Amino acid sequence: DDASLLMAYALDLDPDSTPGNRQPETAFDPVTGTFYLRFHAASPGITYTIGTSADLKNWSTDGVTYSDLDQNNRRTASISKDGPNLFMRLVVED
């Protein structure tokens, strides 16, 4: 599945199996103009950071809102689409 071992650990994936329902999920709410990224965020020793960029070169964490962990250890990061088109990325570090 091309996931690095660090990413597989951070997202609680089994690196030897087909990706399942623990992969990050994206959604856009056209009513609120909010873009969402939902991901596993509870692996010990891992820092999870969501970045946004308009050009894929310069990244910022400004404007990103995080939910609390849910009962499945998943968190939702959201950004408002009230400005320029933005890309979102998940960075994991140990």
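Computed from a prediction, not measured in an experiment: that's the story for all the values here. (Residues numbered from 1 in each chain as written. Predicted model: local features only at pLDDT ≥ 70, side-chain atom pairs only at ≥ 80, totals over all residues. Heavy atoms only, no water.)

*Asks:* Sorry if this is basic, but what is going on with the nonpolar core here?
*Replies:* Soluble, globular proteins show a tendency: their nonpolar side chains are buried together. Within the largest apolar cluster, 16 residues are counted, with the highest numbers of intra-cluster contacts made by Phe-39, Tyr-48, Ile-50 and Leu-90. When near neighbours in sequence (up to four residues on either side) are disregarded, Ile-50 contacts Leu-37, Phe-39, Ser-60, Thr-61, Val-64, Tyr-66, Ala-77, Met-88, Arg-89 and Leu-90. (Core = buried A, V, L, I, M, F, W, Y, C linked by side-chain atoms within 4.5 Å. Buried < 20%, exposed > 50% of the residue type's maximum accessible area, 1.4 Å probe, protein only. Contact = heavy atoms within 4.5 Å.)

*Asks:* Looking at this structure, how should I read unusual backbone geometry?
*Replies:* Peptide bonds are trans in most cases, and residues, glycine excluded, mostly fall at negative phi. Even without a glycine there, the phi angle at Asp-12 is positive, about 60°. Considering the arrangement of structural elements, one finds Asp-12 in the loop between helix 1 (5-10) and strand 1 (25-29). Positioned with a positive phi, Asn-73 is a non-glycine residue whose angle comes to about 60°. On the secondary structure map, Asn-73 appears in the loop between strand 4 (65-66) and strand 5 (74-80). For Asn-73, a relative accessible area of 35% corresponds to the partly exposed category. (Helix = DSSP H or I, 4+ residues; strand = E, 2+ residues; numbered from the N terminus.)

*Asks:* Would you mind going over the sheet that holds strand 5 with me for this structure?
*Replies:* As a general point, the strands of a sheet are linked pairwise by backbone hydrogen bonds and lie either parallel or antiparallel. The sheet built from four strands is open, its strands ordered 1-2-5-4 with antiparallel pairing. Of all the strands in the sheet, just strand 1 and strand 4 have a single pairing partner and so form its edges. (Pairing = 2+ DSSP bridges.)

*Asks:* I'm lost on the packing of aromatic side chains in this one. Help?
*Replies:* What describes a pair of aromatic rings is the distance from one ring centre to the other and the angle between the planes of the rings. Here the structure, examined in full by the defined rule, presents one aromatic pair. Summarising the aromatic geometry, the rings of Phe-39 and Tyr-48 are spaced 6.0 Å apart at their centres and angled 35° between planes, so their arrangement reads as tilted. Each of the two residues, Phe-39 as well as Tyr-48, counts as buried. (Phe/Tyr/Trp six-rings, centres within 6.5 Å; stacked < 30°, edge-to-face > 60°.)

*Asks:* Can you walk me through the pattern of salt bridges in this structure?
*Replies:* Close approach of charged atoms allows side chains of opposite charge to pair. Per the stated rule, a full pass over the model turns up three salt bridges. One salt bridge in this structure joins Glu-25 and Arg-38, with 3.6 Å as the shortest N-O distance. Taken together, the residues Glu-25 in strand 1 and Arg-38 in strand 2 (residues 34-40) connect sequence positions 13 residues apart. Residue classification places Glu-25 among the partly exposed positions, given a relative accessible area of 35%. Residue Arg-38 pairs with Asp-70 through a salt bridge whose shortest N-O separation is 2.6 Å. With Arg-38 in strand 2 and Asp-70 in the loop between strand 4 and strand 5, this pair connects stretches of sequence that are 32 residues apart. Note on Arg-38: relative accessible area 25%, which makes it partly exposed. One continuous salt-bridge network, built from bridges that share partners, spans Glu-25, Arg-38, Asp-70 and Arg-74. (Salt bridge = Lys/Arg side-chain N within 4 Å of Asp/Glu carboxyl O.)

So yeah, pure geometry; function would need other evidence.
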